[in-house]
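# Residue-level structural notes
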Number of protein chains: 2
Amino acid sequence: MSKTAKNTTLKDIAQEAGISAAAVSKVLNNHGGASKATQARVHEIAKRLNYSPNIVAKSLKVNKTKTLGLVVSDSSHSFFGAVIKGAQEEAAQLGYNIILANTNRDKENEKEAINTLIGKRIDGLLLASSRLTQRSDIRYLDSLNIPYVFLIRRSEDKKAPFVGNDNIAGSKAIVDHLIKTGSSRIHFLNMDKASTSSADRLKGYTAALKDNGIKYDPSLVYNTKPDIQEGYTVIRNILESGQRMEALFCGCDILGIGAMEAILEYGLKIPKDVRVCGYDDIEFAAYLRRPLTTMRQPKQSIGVKGIENLVARVEGIDDKQNVVVLKSELVVREST
Amino acid sequence: MSKTAKNTTLKDIAQEAGISAAAVSKVLNNHGGASKATQARVHEIAKRLNYSPNIVAKSLKVNKTKTLGLVVSDSSHSFFGAVIKGAQEEAAQLGYNIILANTNRDKENEKEAINTLIGKRIDGLLLASSRLTQRSDIRYLDSLNIPYVFLIRRSEDKKAPFVGNDNIAGSKAIVDHLIKTGSSRIHFLNMDKASTSSADRLKGYTAALKDNGIKYDPSLVYNTKPDIQEGYTVIRNILESGQRMEALFCGCDILGIGAMEAILEYGLKIPKDVRVCGYDDIEFAAYLRRPLTTMRQPKQSIGVKGIENLVARVEGIDDKQNVVVLKSELVVREST
DNA sequence: ATATACAGGTTAAACGATTAACCAATTTTA
DNA sequence: TAAAATTGGTTAATCGTTTAACCTGTATAT
């Protein structure tokens with residue numbers, strides 16, 4: 001593996017073809033001003049010498065890297081997997097590459113990751129489930145001087161570019177489903193209180209109750225971080241405290257999985273004793289102990305639309321929307 | 001979002017500090033040759049002007065980008081999610097970034113992806129479940145003149161750098177488990193025939209049979225691509241053909257999920273009538289309809305070790321192993 | 001026939017860093 | 001005290017492109 005082997009450059013081709021490097025550059029970029037014969041010769045030589053343009057040099061010159069940053073809280077999470085794939089493929093389609101960063105749900109990590117991305121001079125930034133959702137964070141993001149788009153979780157500043165689903169409508173729809181199918185006392189295991197997504201899902205929950213004339217009982221609402229074990233623990237504790245539970249809406253499928261484990265282990269039947277639903281429709285939701293009723297978020301589309309929107313910004317196209325809200329879909333399965 | 005705002009450069013700092021850009025560079029890189037006072041001044045100005053070194057320029061000069069390529073067949077796949085995360089975090093730790101590429105299991109896509117990565121002048125390449133595993137592909141990869149490491153699926157050329165688990169030992173262990181716990185007629189739903197991983201898993205399967213004095217019956221072995229629906233279809237067809245099935249080893253958990261769906265839908269009980277196991281231990285294997293017995297591959301470690309090994313190559317360290325085989329672990333669950 | 005346009009290039013500067021080579025002034029060493 | 005070494009820098013080249021500005025010879029227009 002000879003690391004010292006030099007790559008072919010424009011100059012090499014120029015020399016071989018007996019013309020200037022500038023001429024070669026123009027040929028290779030179709031910038032005109034070259035005879036058919038020269039064009040053919042240049043292309044032949046380029047192919048023969050296995051030329052691969054040095055994008056680093058080009059980037060330096062044109063001040064664009066054709067690279068976008070994608071920061072996610074946890075790329076191993078099934079949900080993000082789909083988002084990442086959608087984003088990556090759409091980016092490739094549009095001629096961009098993606099550098100991936102993980103934040104592990106930590107704001108400082110996130111800022112650090114963004115800073116190194118900035119050093120690499122990315123053209124734009126996609127923030128999935130970001131922690132930088134406060135108004136003050138927007139000032140920080142704006143100071144980076146590159147376009148950015150929030151994914152999944154929106155900023156407190158509602159004008160900030162965003163692609164995701166309508167959490168209020170989605171959670172209202174799923175709670176409506178629980179009510180219409182017979183429950184009026186509905187526990188809600190939501191995610192971290194801090195996130196705008198959680199806040200919206202709570203709004204949907206209360207809206208559904210109100211619409212159906214049910215009084216909102218805050219003591220039925222719990223918060224924890226999206227983690228199977230956490231979901232298990234919280235629900236187990238509730239059950240062991242002797243509280244009656246007939247229906248449970250989990251803020252995400254991951255919590256739903258943990259919750260179902262706890263419920264089944266406690267000896268209750270799903271859906272006979274307790275009806276459970278989640279949110280997201282992660283890949284395996286249909287194959288769980290009890291296939292899970294959930295709201296299907298258009299995960300891959302979020303990635304795709306996110307990139308589309310970001311690239312439009314990067315390239316200065318201005319017929320783009322600021323806020324793109326995609327539809328989520330109720331998927332009813334065995335668990336309810 | 002002013003796109004024209006210029007970033008601070010070394011020159012700006014130099015001007016402000018009244019010294020040359022070279023001096024500033026040295027200060028910022030701790031290359032010595034500057035008074036304490038100058039150092040302090042430079043650092044202060046850099047911070048004040050919000051200086052972020054242009055890594056693109058640096059990369060061009062030093063001919064290293066501190067960027068690695070990671071090509072996977074499908075980043076949305078739960079298994080790769082963990083690998084990607086391990087790789088990304090380890091890379092960050094070592095000062096590298098990762099550009100992600102998807103191939104969708106297509107060799108031409110893979111080559112194309114690699115070519116654009118080469119254009120971006122990545123320092124090294126990680127190939128997860130690559131299609132470029134033939135000897136002729138090694139020549140292609142070598143011609144790229146950058147270090148590469150195979151992940152998960154090894155090359156036919158056994159000397160090629162590789163990080164993954166021992167598929168022969170792993171599949172032998174799990175088939176042993178099926179035999180020791182009472183089955184002698186074991187169906188095997190393996191993945192695509194072409195892959196070295198499948199071939200190794202078949203070797204493990206036959207080795208286990210042989211060790212236990214069971215005759216190998218090729219008519220019990222099926223191949224299909226790793227996809228839930230595929231697994232479902234193949235197994236459903238087998239059952240509908242009237243074949244008796246008492247134990248089933250699936251080449252990956254994904255196939256196991258589809259298989260279990262088919263078996264349960266056909267009215268058979270798991271594990272009473274048919275005992276099923278998979279391979280990989282993807283995140284949700286424990287929460288499926290029937291929690292799945294499987295071999296737990298150290299997915300995140302594969303990513304981590306892969307990067308470690310690749311970076312050692314990139315940086316010319318030579319106490320690295322060529323082939324790193326990590327242990328997989330038998331996880332027995334309800335399905336067997 | 002003269003001016004004009006165009007085809008097919010060339011030259012040189014620039015992007016923002018790094019780094020080898022050099023230098024003047026001061027300090028240390030013998 | 002003279003030579004050597006150190007301190008704290010500077011200059012200029014370089015990485016591989018792109019691109020504005022320029023040039024020259026031929027073809028076309030008037």
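Every chain is numbered independently, its residues counted from 1 as its sequence is written. Chain letters start at A and ligand numbers start at 1, both assigned in the order the entries are written. Confidence filtering applies because this is a predicted model: local features only for residues at pLDDT of at least 70, side-chain atom pairs given and counted only at 80 or more, and all residues used for totals across whole chains, interfaces and linings. Excluded from the side-chain calculation are hydrogens and water; included are all heavy atoms of the structure.

Along chain A, the regular secondary structure elements total 12 helices and 12 strands. A globule of 336 residues ought to have a C-alpha radius of gyration of about 20 Å, yet chain A, at 26 Å, is considerably larger. Principal-axis analysis of the C-alpha atoms gives chain A an extent of 85 × 40 × 35 Å. The buried share of chain A, reckoned over its 336 residues, is 55%. Only DSSP runs of H or I reaching four residues or more are called helices, and only runs of E reaching two or more are called strands; each is numbered from the N terminus. Note on method: radius of gyration uses C-alpha positions; expected globular size equals 2.2 Å times residues raised to 0.38. Burial here depends on accessible area, computed with a 1.4 Å probe over protein chains only, as a share of the maximum for the residue type. Under 20% is buried, over 50% is exposed, and the range in between is partly exposed.

Bringing the pattern of salt bridges into the picture now. By definition, a salt bridge exists where a carboxyl oxygen of Asp or Glu is found within 4 Å of a side-chain nitrogen of Lys or Arg. For the structure shown, the criterion picks out 44 salt bridges over all chains. Residues Arg131 of chain A and Asp192 of chain A are paired through a salt bridge, measuring 3.8 Å at the closest nitrogen-oxygen approach. One end of the pair, Arg131 of chain A, is in the loop between β3 (124-128) and α7 (135-143); the other, Asp192 of chain A, is in the loop between β6 (186-190) and α9 (196-211), with 61 residues separating them in the sequence. For Arg131 of chain A, a relative accessible area of 25% translates into the label partly exposed. The salt bridge partner of Glu16 of chain B is Arg48 of chain B, with a shortest N-O separation of 3.2 Å. In this pair, Glu16 of chain B is assigned in helix α1 (residues 10-17) and Arg48 of chain B in helix α3 (residues 36-48), connecting sequence segments 32 residues apart. A residue is classified by how much of its surface remains accessible, and Arg48 of chain B, at 46% relative accessible area, is partly exposed. Overlapping salt bridges, with partners in common, bring together Asp281, Arg296, Glu329 and Arg333 of chain A in one network.

Time to look at the protein's contact with DNA strand C. The criterion for a residue being near a molecule or strand is simple. One of its heavy atoms has to lie within 4 Å of it. Of all residues adjacent to DNA strand C, which total 25 residues, the nearest are Ser20, Lys26 and Thr38 of chain A together with Leu10 and Ser25 of chain B. Across the atoms of DNA strand C situated within 4 Å of the protein, the share located in sugar and phosphate is 60%. For the purposes of these results, a polar contact is taken to be a pair of N or O atoms within 3.5 Å, where, inside protein, one atom must be able to donate a hydrogen and its partner to accept one; residues adjacent in sequence count only when each atom of the pair is a side-chain atom. At a separation of 2.5 Å, a phosphate oxygen of DNA strand C approaches a polar side-chain atom of Thr38 of chain A. Here a phosphate oxygen of DNA strand C and a side-chain polar atom of Ser25 of chain B are 2.5 Å apart. Breaking the surface near DNA strand C down by element, the ones donating at least two residues are α2 (21-28) and α4 (55-62) of chain A together with α2 (21-28) and α4 (55-62) of chain B. Of the residues forming the surface near DNA strand C, the biggest block, four residues, is contributed by α4 of chain B. The residue makeup of the surface near DNA strand C, split by class, is 11 nonpolar, nine polar and five charged. Each residue is assigned to one of three groups, with Ala, Val, Leu, Ile, Met, Phe, Trp, Tyr, Cys and Pro labelled nonpolar, Asp, Glu, Lys and Arg labelled charged, and all others, Gly among them, labelled polar.

All names here are of chain B. At least two bridges found by DSSP between two strands are what make those strands a pair. With parallel pairing, the four strands of this open sheet are ordered in space as β7-β6-β8-β9. Sheet topology places β7 (221-223) and β9 (275-277) at the edges, where each strand pairs with a single neighbour. Between one strand and the next, the sheet's axes are offset by a mean angle of 15 degrees, whatever the strand orientation. Sheet strands in contact with helix α10 (residues 228-240) are β6 (186-190), β7 and β8 (247-250), and its direction is about 150 degrees off that of β6. Axis lines are fitted to C-alpha atoms, over the contacting stretch for helices. Their N-to-C directions set the angle, which ranges from 0 to 180 degrees. Between two residues, a contact is recorded if the distance between any of their heavy atoms is within 4.5 Å.

On to the protein's contact with DNA strand D, then. Surrounding DNA strand D, one finds 27 residues, the nearest of these being Leu10 and Ser25 of chain A together with Ser20, Lys26 and Thr38 of chain B. Sugar and phosphate atoms constitute 61% of the interface atoms of DNA strand D, taking the interface as everything within 4 Å of the protein. In this structure, Lys61 of chain A approaches DNA strand D through a side-chain N or O atom, which is 3.5 Å from a base oxygen. For the surface near DNA strand D, the secondary structure elements donating two or more residues are α2 and α4 of chain A together with α2 and α4 of chain B. With four residues, α4 of chain A is the largest single contributor of residues to the surface near DNA strand D. Along the lines of polarity and charge, the residues of the surface near DNA strand D split into 11 nonpolar, 10 polar and six charged.

Here we come to the interface of chain A and chain B. The interface is formed by 59 residues belonging to chain A together with 59 residues belonging to chain B. Between chain A and chain B the total buried area reaches about 5,200 Å² when both faces are included, carbon and sulfur atoms providing 55% of it. Between Lys85 of chain B and Asp74 of chain A there is a salt bridge, with the nearest N and O atoms lying 3.5 Å from each other. Linking chain A to chain B there are 27 residue pairs in polar contact (both at pLDDT 80 or more). Residue assignment for the side of chain A that touches chain B shows that the elements contributing at least two residues are α4, α5 (78-93), β2 (97-102), α6 (107-119), α11 (253-265) and α12 (299-314) of chain A. At seven residues, α5 of chain A tops the list of elements feeding residues into the side of chain A that touches chain B. Simply put, the buried area is the total loss of 1.4 Å probe accessible area from both parts when two parts are fitted together.

Here we take up the packing of aromatic side chains. Whether two aromatic rings pair depends on their centres lying within 6.5 Å, for rings of Phe, Tyr and Trp, where Trp uses its six-membered ring; planes under 30 degrees apart make the pair stacked, over 60 edge-to-face, and the rest tilted. Using the criterion set out here, one finds 11 aromatic pairs over all chains in the structure. Aromatic pair Phe188 of chain B and Phe249 of chain B: ring centres 4.7 Å apart, planes at 5 degrees, arrangement stacked. Of this pair, Phe188 of chain B sits in strand β6 while Phe249 of chain B sits in strand β8, and the two are 61 residues apart along the sequence. Per residue, the accessibility class of Phe188 of chain B equals that of Phe249 of chain B, and both read buried. Taken together, the aromatic side chains of Phe188, Tyr205, Tyr216 and Phe249 of chain A make up a single cluster linked through ring pairs. Either the NZ atom of lysine or the CZ atom of arginine qualifies as a charge over a ring when it sits within 6 Å of the ring centre and within 35 degrees of the ring normal. Directly above the ring of Tyr140 of chain A sits Lys111 of chain A, whose terminal nitrogen or CZ lies 4.7 Å from the centroid.

Okay, the sheet that holds β6 of chain A next. All names here are of chain A. The strand order across the open sheet formed by four strands is β7-β6-β8-β9, and the pairing between neighbours is parallel. Each edge of the sheet is formed by a strand with only one pairing partner; in this case those strands are β7 (221-223) and β9 (275-277). Across the sheet, the mean angle from the axis of one strand to that of its neighbour is 15 degrees, orientation sign disregarded. Of the strands in this sheet, β6, β8 (247-250) and β9 are in contact with helix α8 (residues 167-180), which crosses β8 at around 170 degrees. Those strands touched by helix α10 (residues 228-240) are β6, β7 and β8, and its axis lies near 150 degrees from that of β6.

Turning next to the domain arrangement of chain A. Note that the domain bounds reflect an automated or database-derived domain assignment. The domains assigned to chain A are domain 1 (10-53), domain 2 (66-165 + 299-326) and domain 3 (167-296). Computed from C-alpha atoms alone, the centre-to-centre distance between domain 1 of chain A and domain 2 of chain A is 37 Å.

Note on the copies: chain A fits chain B at an RMSD of 0.1 Å, the axial shift is 0.0 Å, and the rotation between them is 180 degrees. One copy is carried onto the other by what is essentially a two-fold rotation axis. The fraction of interface residues of chain A whose copies in chain B are also interface residues reaches 100%, indicating that both copies meet through the same surface. The least-squares superposition of copies is restricted to C-alpha atoms, and to residues with a pLDDT of at least 70 in both copies.

Bringing the nonpolar core into the picture now. The biggest cluster of nonpolar side chains holds 107 residues, and the ones touching the most others in it are Ile235 of chain A together with Ile235 of chain B. If we ignore the near neighbours within four places in the chain, the residues touching Ile235 of chain B are Leu189, Met245, Leu248, Ala259, Ala262 and Ile263 of chain B. Within this scheme, the nonpolar core is defined by two criteria: the residues are buried Ala, Val, Leu, Ile, Met, Phe, Trp, Tyr or Cys, and they are joined through side-chain atoms within 4.5 Å. Ala101, Ile114, Leu117 and Leu125 of chain A belong to the second-largest nonpolar core, a separate cluster that totals 40 residues.

Looking now at the layout of surface pockets. The method works on a 1 Å grid over the protein atoms by themselves. A cavity is a set of points holding a 1.4 Å probe that cannot get out, a pocket is an open set with protein on both sides within 12 Å along at least five of seven lines, and residues with an atom within 4 Å of a point line them. Grid points are joined across faces, edges and corners, and a volume is the space filled by probe spheres set on the points. As a volume, the second largest pocket reaches approximately 1,000 Å³. Along the wall of the second largest pocket there are 37 residues; nearest its centre are Arg121 of chain A together with Ser52, Pro53, Asn54 and Ile55 of chain B. Broken down by secondary-structure element, the contributors of at least two residues to the lining of the second largest pocket are α4 of chain A together with α1, α2 and α4 of chain B. When grouped by side-chain class, the residues that make up the lining of the second largest pocket number 16 nonpolar, 13 polar and eight charged.

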